[in-house]
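Below, each chain spelled out in residue letters.
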Amino acid sequence: MNQAVAVTQNLVVGLLCLLLAAAGVSAEQNAETVEPQLNPAHEVAELRNAGMDLALKGDFDRSLQELRKVSGKTDDKDAAVDKAITILEGYLKRMAAADIQRQRELRYEIDRMRWGLLAQEYRGELNKKDFAKELRTSINEDLGDAYQDIGTAETFEDSSADLAATMKATSLDAIEKARKAVQQAVSLLTGMDNAYGKAFKSEATTLLERLGEAATVWKDVDPSTPQSRWQGALKIQQVEEKLADAVTDVEVMVARKPWKVALLHGRLAAEIAPDREAARKTDWYAKLLKAAKRHAAEAVADDEWNDALSAYAALKELEPGNAAYRDGVKLASRHVRVIRMYGSPKKSDDADNGDDEDAPAVAQEDWKEFVSGVDAKMVRTAISKLDGGYVAAVDYRDLAMGALESVRILAETPEVCETFPGLKDDAERQAFIAAIEKEQEDLQRKDRVDHVDLHMALNQVIYSAQETVKLPMEVLAVEFADGFLDELDQFSSMVWPSDVIDFNKATMGNFTGIGVQITKEQNKPLKVVTPLLGTPAFKAGIKAGDLIVKVDGTETKTYTVDKLVDRIMGPEGTTVVLTIKRRGVAEPFEVPVVREKVYVRTVKGWQRKPDGEWDYVLPDGRTGYVRVTQFTEQTHEHVVEAFKQLKSAGIDSVVLDLRANPGGLLRSATAVANEFLDTGRIVFTKGRQVPRREIEATSDGQFLYGDMVCLVDQHSASAAEILCGALKDWGRAIVVGQRSYGKGSVQNVIPVRGRDAFLKLTTNYYYLPRGRLLHRKPGATDWGVDPDVAVGLTPKQMRRWITLQRKTDLLQDFDPELLKADLERLYETDIQLNAAVLLLRMMDLHRDGMTTESVASEAVDAAGS
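Residues numbered from 1 in each chain as written. Predicted model: local features only at pLDDT ≥ 70, side-chain atom pairs only at ≥ 80, totals over all residues. Heavy atoms only, no water.

Engineer: Go over the overall build of the protein with me, naming the residues and quoting the values.
Structural biologist: From N to C terminus, the protein includes 31 helices and 21 strands. Within the protein, buried positions represent 50% of all 865 residues. Sequence separation of at least 24 residues holds for 73% of the intrachain contacts in the protein that already meet a minimum separation of 6. For the protein, the accessible surface area stands at approximately 39,300 Å², while carbon and sulfur atoms represent 51% of it. (Helix = DSSP H or I, 4+ residues; strand = E, 2+ residues; numbered from the N terminus. Buried < 20%, exposed > 50% of the residue type's maximum accessible area, 1.4 Å probe, protein only. Contact = heavy atoms within 4.5 Å. Areas by Shrake-Rupley, 256 points an atom, 1.4 Å probe, with all protein chains shown as cover.)

Shown next as structure tokens:
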């Protein structure tokens with residue numbers, strides 16, 4: 001309360017008490033008439049400030065309640081409060097819609113999990129039916145192939161009029177083929193009235209309805225103009241997601257191993273659940289855990305290591321604190337790696353549907369190229385570097401046991417016998433395994449194990465192999481080294497001679513190629529995630545979602561991503577011919593692409609201008625938006641350019657988007673942080689054998705003032721976490737989103753033979769300014785950067801955001817009105833960005849309100865005087 005007002009009120013009360021006493025009336029009897037009252041303006045100001053503070057803490061519901069009280073306290077309009085109420089109401093309405101969608105997705109994933117478990121329960125019975133193979137063919141091949149020929153909203157909108165017309169005809173034909181495939185499948189189950197048969201028919205009926213809806217939309221779309229294609233794409237988009245879900249539901253019912261599909265969707269349900277602890281107590285979660293445990297045990301017993309890895313990976317995610325599940329993942333991963341590197345797949349007794357998911361991920365001869373140039377001396381040099389550099393005390397017993405176990409797994413794996421004939425001799429193989437086991441037993445009995453014992457174990461492995469199974473020394477060296485490094489942490493590894501070129505490429509900000517982001521599922525064609533704007537791939541018309549089925553005439557299904565990247569990249573000015581299979585286009589077609597030097601632009605804005613440059617202002621005209629996709633040599637320079645543009649436009653409220661940023665160069669991230677911090681620690685590192693290093697902010701930052709919100713998610717890692725954590729710790733930004741990944745370890749690259757091979761060894765950890773360890777250690781409950789305001793996205797919400805963001809990234813020649821409409825949809829889709837903008841607006845309104853309060857206080861002071 002203002003001091004002058006308080007003094008005046010006290011004097012009045014004292015005088016009244018004297019007068020009342022003289023009249024024979026006590027002050028208590030008239031207390032209600034003389035009790036000091038709060039100044040209404042101050043009471044309103046306190047309510048307003050409380051409401052604004054709650055909003056800035058992310059408690060939006062309570063904030064709205066408090067601010068509504070302000071409106072009820074006075075007849076005078078408070079512009080700042082009214083605006084805040086309107087903004088909060090709009091955000092909470094969008095958030096409520098997002099929560100409804102989350103619950104819908106959760107129920108859907110739980111249902112899919114249950115369908116998978118049901119299909120697994122009846123799998124044996126179904127396999128005995130004469131029509132089992134035909135049923136799987138109808139769904140996995142006939143329906144699957146037809147579905148892939150149905151165009152997508154994105155490809156329809158991006159196509160020319162002629163191509164869009166062809167896509168329309170192809171899609172309608174494919175929908176009819178899909179309908180017939182589903183009807184054929186249903187007819188095969190005539191008379192099968194058990195739980196499985198009823199469930200399949202119910203899902204098939206839903207799928208037929210979705211196909212009918214899709215047919216209606218495709219018949220109605222007009223491919224003739226950009227405007228009509230855009231409108232048609234919106235209609236297609238409304239039905240294609242439901243159709244995709246319906247197709248997946250039916251495919252689950254005929255999967256070769258339905259339990260694996262059930263685990264996948266159960267894990268998605270656990271991820272979507274708004275309260276993970278509450279989810280753990282549900283019936284569906286208990287069923288999921290039970291199924292995962294059972295199939296993990298069965299897979300290990302049957303030496304089905306791909307299955308074991310699927311089961312243990314699910315268990316590790318569902319119960320992250322369970323060390324046994326982490327060990328199960330490690331064991332299964334070693335087996336899978338050996339099989340994929342050196343082996344031939346075991347023929348499954350029910351692999352009648354063309355599902356060859358367990359096939360090796362590399363061609364049979366690729367392992368020779370991989371181990372080329374490796375020798376035992378490299379491994380010995382690596383061992384000698386461990387104690388002097390590793391971040392923690394080295395347990396050489398664990399390392400030696402892990403190395404020996406890795407070699408033993410190689411010897412015990414039947415799938416590699418064709419690759420290494422010496423293992424076909426059972427007596428020699430058993431002798432080799434016995435030698436390894438004896439070495440393990442000797443190590444277990446020793447009181448102390450050090451680096452000398454690890455050297456001796458390597459020597460024993462090489463000697464025993466020469467005496468028995470004659471395994472190549474290069475293979476033994478690779479398996480032994482990978483085995484002991486796996487015991488340290490997931491980021492310590494060898495960079496073998498065959499890896500060096502790719503390793504060096506990964507540290508550069510540019511490369512020579514075609515400029516396309518790709519992904520690949522095992523034994524599936526290469527898939528385009530997105531072409532990069534202005535690159536050869538973009539100019540050649542490559543689209544997101546395209547399948548690259550051949551590279552220069554060589555099929556891509558059986559090759560690893562690394563091998564295919566090597567084929568696609570090449571000298572500048574040369575041509576690579578890609579064979580493309582595109583949704584909605586009946587036949588594959590060839591696209592020649594001329595290789596060029598590709599520069600990766602890592603700093604982006606809200607939308608592109610007609611000249612291809614970025615506009616960093618959101619549609620409200622008052623909020624900046626800067627998205628950093630990773631940290632390279634050029635990132636700092638480009639961030640400075642973006643903020644200078646905003647500053648010159650008078651904009652000092654900015655969203656810094658670091659979602660899905662995997663990190664990159666530390667010096668780039670700290671240089672960016674330095675622009676926003678005037679003093680203090682940005683990050684520090686500590687290790688066991690290396691000096692503590694602190695990186696301090698200088699006083700020459702260019703953007704020390706202004707409001708900022710930093711967006712992060714579970715894919716924001718490493719350098720992105722360092723920047724975000726420093727901004728949070730110093731109160732320079734509010735952090736919104738989801739907890740970051742937790743990659744906070746530093747790897748030194750140590751030569752082990754000139755520049756031919758390297759040991760990448762974790763030597764220290766990153767710590768945020770207040771001392772929090774960024775890194776997620778096994779079994780940890782705290783890691784990364786926690787958001788100040790937690791706002792999650794479901795997988796579907798994330799996919800929609802990525803799709804629209806990618807489209808915005810790549811637009812070059814566009815209709816401004818269509819772009820505006822797409823960006824409006826993007827904003828509505830992105831609830832995390834909505835929250836960030838709300839917070840920035842509330843900061844602004846809070847200041848407006850405080851200014852008003854200050855003026856009111858001065859007026860009261862003047863009156864009191």
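Engineer: Could you give an account of the pairing of strand β4 (residues 526–531), naming the residues involved and the relevant values?
Structural biologist: Bridge analysis of strand β3 (residues 516–519) against β4 gives four bridges, and the strand direction is antiparallel. Within β4, the position partnered with Ile518 by the bridge is Val528. Linking β3 back to β4 in an antiparallel pair, the connection comprises six residues, with Asn523 at a positive phi of about 60°. The pairing of β4 with strand β5 (residues 547–551) spans two bridges and is antiparallel. Across the sheet, the residue bridging to Lys527 is Leu547, located in β5. (Pairing = 2+ DSSP bridges.)

Engineer: Can you explain helix α25 (residues 561–568)? Please cite residues and give values.
Structural biologist: Every buried residue belonging to α25 is among Lys563, Leu564 and Ile568, and all of these are buried. Summarising the axial view, the buried residues of α25 lie within an arc of 135°, below the 170-degree limit, and thus occupy one face. Next to the buried residues of α25 lie α17 (366–371), β4, β5 and β7 (575–581). You can read the cap of α25 off the contacts: a side-chain oxygen lies 3.2 Å from the backbone nitrogen of Lys563, and it is on Thr560. (Arc of directions from axis to C-beta. Polar contact = N/O pair within 3.5 Å; in protein donor to acceptor, adjacent residues only side chain to side chain.)

Engineer: Any details on the sheet that holds strand β13 (residues 624–628)? Residues and values, ideally.
Structural biologist: Overall, mixed pairing links the six strands, which are arranged β10-β13-β14-β17-β18-β21 in an open sheet. Every interior strand has two partners, whereas the edge strands, β10 (603–604) and β21 (789–790), have only one. Most of the contacts of helix α26 (residues 635–648) go to β13, to which it runs at about 175°, and overall it touches β10, β13, β14 (653–657) and β17 (707–712). The sheet contacts of helix α28 (residues 719–729) involve β14, β17 and β18 (734–737), and relative to β17 the element is tilted by about 140°. (Axes fitted to C-alpha atoms, helices over the stretch in contact; angles between N-to-C directions.)

Engineer: I'd like a rundown of the nonpolar core, residues and numbers included.
Structural biologist: Soluble globular proteins tend to pack their nonpolar side chains together in the buried interior. Counting 62 residues, the largest nonpolar core has Tyr342, Leu386, Phe432, Phe480 and Phe484 as its most contacted members. Among the elements of the structure, α16 (323–342), α17, α18 (376–389), α19 (396–412), α20 (426–445), α21 (451–467), α22 (473–485) and β20 (758–767) are those that each provide at least two residues to this core. Looking at which element gives the most residues to this core, the answer is α19, with 10 residues. Apart from the residues lying within four places of it in its own chain, the contact partners of Phe432 are Val407, Ala411, Val461, Ser464, Ala465, Thr468, Val469, Leu471 and Leu476. (Core = buried A, V, L, I, M, F, W, Y, C linked by side-chain atoms within 4.5 Å.)

Engineer: Any chance you could break down the packing of α16 against α22 for me, citing the residues and the numbers?
Structural biologist: Where α16 meets α22, the axes come as close as 12 Å, and the angle between the chain directions of the two elements is 155°. Considered as vectors, α16 and α22 are oriented roughly antiparallel to each other. The two elements α16 and α22 cross, and the hand of that crossing is right-handed. Two secondary-structure elements touch here, α16 through Arg334, Arg337, Val338 and Tyr342 and α22 through Val475, Val478, Glu479, Asp482 and Gly483. Among the residues forming the contact of α16 with α22, the class breakdown is four nonpolar, one polar and four charged. (Parallel < 35°, antiparallel > 145°, perpendicular 65-115°, else oblique. Left-handed = near helix turned anticlockwise from the far one by under 90°. Nonpolar A, V, L, I, M, F, W, Y, C, P; charged D, E, K, R; others polar.)

Engineer: Could you give an account of unusual backbone geometry, naming the residues involved and the relevant values?
Structural biologist: Residue Asp552 is not a glycine yet carries a positive backbone phi of 50°. Turning to its location among the elements, Asp552 is positioned in the loop between β5 and β6 (554–555). Phi is positive for Ala660, close to 60°, though the residue is something other than glycine. Look at Ala660 and you get partly exposed, because its relative accessible area is 42%.

Engineer: Describe the environment of Ile802, and please don't skip the residues or the numbers.
Structural biologist: Its location among the elements puts Ile802 in helix α29 (residues 795–810). Between the C-alpha atoms of Ile802 and Asp830, which are 28 residues apart in sequence, the distance is 9.8 Å.

Engineer: So what about the pattern of salt bridges? Which residues, and what values?
Structural biologist: Side chains that differ in sign of charge can pair as their charged atoms come close. A full pass over the atoms with the stated rule returns 51 salt bridges. Two residues, Arg337 and Asp482, come together in a salt bridge whose shortest N-O distance is 2.7 Å. Of this pair, Arg337 sits in helix α16 while Asp482 is found in helix α22, placing the two residues 145 residues apart along the sequence. With a relative accessible area of 22%, Asp482 lands in the partly exposed category. Asp844 is the partner of Arg847 in a salt bridge, and the nearest nitrogen-oxygen pair spans 3.7 Å. Taken together, the residues span about one helical turn, with Arg847 and Asp844 both in helix α31 (residues 831–864) at a distance of three residues. Residue classification places Asp844 among the buried positions, given a relative accessible area of 19%. By sharing partners, the salt bridges in this structure join Glu109, Arg112, Asp245, Asp249 and Lys796 into a single network. (Salt bridge = Lys/Arg side-chain N within 4 Å of Asp/Glu carboxyl O.)

Engineer: Describe the pairing of β20, with residues and values.
Structural biologist: With nine of 10 residues buried, β20 is to be regarded as a mostly interior element. As defined by bridge partners, strand β1 (residues 493–495) adjoins β20 across three bridges and the pair is classed as antiparallel. The residue bridging Ser493 from the neighbouring strand is Lys760, located in β20. Where strand β15 (residues 681–686) lies against β20, three bridges are found, and the strand directions are antiparallel. Bridging from a neighbouring strand, Thr685 pairs with Tyr766 of β20. The sheet contact formed by strand β19 (residues 745–751) and β20 spans seven bridges and is antiparallel. In the sheet register, Ser745 faces β20, and the bridge partner there is Tyr765. Joining the antiparallel neighbours β19 and β20 is a turn of six residues, in which Gly754 adopts a positive phi near 60°.

Engineer: Let's hear about the side chain of Asp366: which residues, and what values?
Structural biologist: Tracing the sequence through the fold places Asp366 in helix α17. For Asp366, which is buried and forms no salt bridge, the nearest opposite charge comes from Lys563, at a distance of 5.0 Å. Other than its neighbours up to four places away in sequence, Asp366 contacts Tyr559 and Lys563. (Lys, Arg positive; Asp, Glu negative; His and termini not counted.)

Engineer: Explain the state of the cysteines residue by residue, including any values.
Structural biologist: Tallied over the entire structure, the rule returns zero disulfides. Unpaired in this structure, Cys710 has its nearest cysteine sulfur neighbour in Cys724, at a distance of 3.5 Å. (Disulfide = S-S within 2.5 Å.)

Engineer: I'd like a description of α16, backed by residues and values.
Structural biologist: In this model α16 runs 29 Å from its N-terminal to its C-terminal C-alpha over 20 residues, within 8% of the 28 Å that 1.5 Å per residue would give. Of the positions making up α16, those classed as buried are Tyr325, Gly328, Val329, Ala332, Arg334, His335, Val336, Val338, Ile339, Met341 and Tyr342. Structurally, α16 contributes buried residues whose contacts are with α14 (283–301), α15 (305–318), α17, α19 and α22. N-capping of α16 is provided by Asn322, with a side-chain oxygen placed 2.9 Å from the backbone N of Ala324. (Expected span 1.5 Å × (residues − 1).)

Engineer: Describe in detail the side chain of Asp245, supporting the description with residues and values.
Structural biologist: Looking at the secondary structure, you find Asp245 in helix α11 (residues 226–253). By relative accessible area, Asp245 is classed as buried at 13%. Ignoring anything within four residues of it in the chain, the contact list for Asp245 reads Tyr108, Arg112 and Lys796.

Geometric values such as these leave the question of function open.
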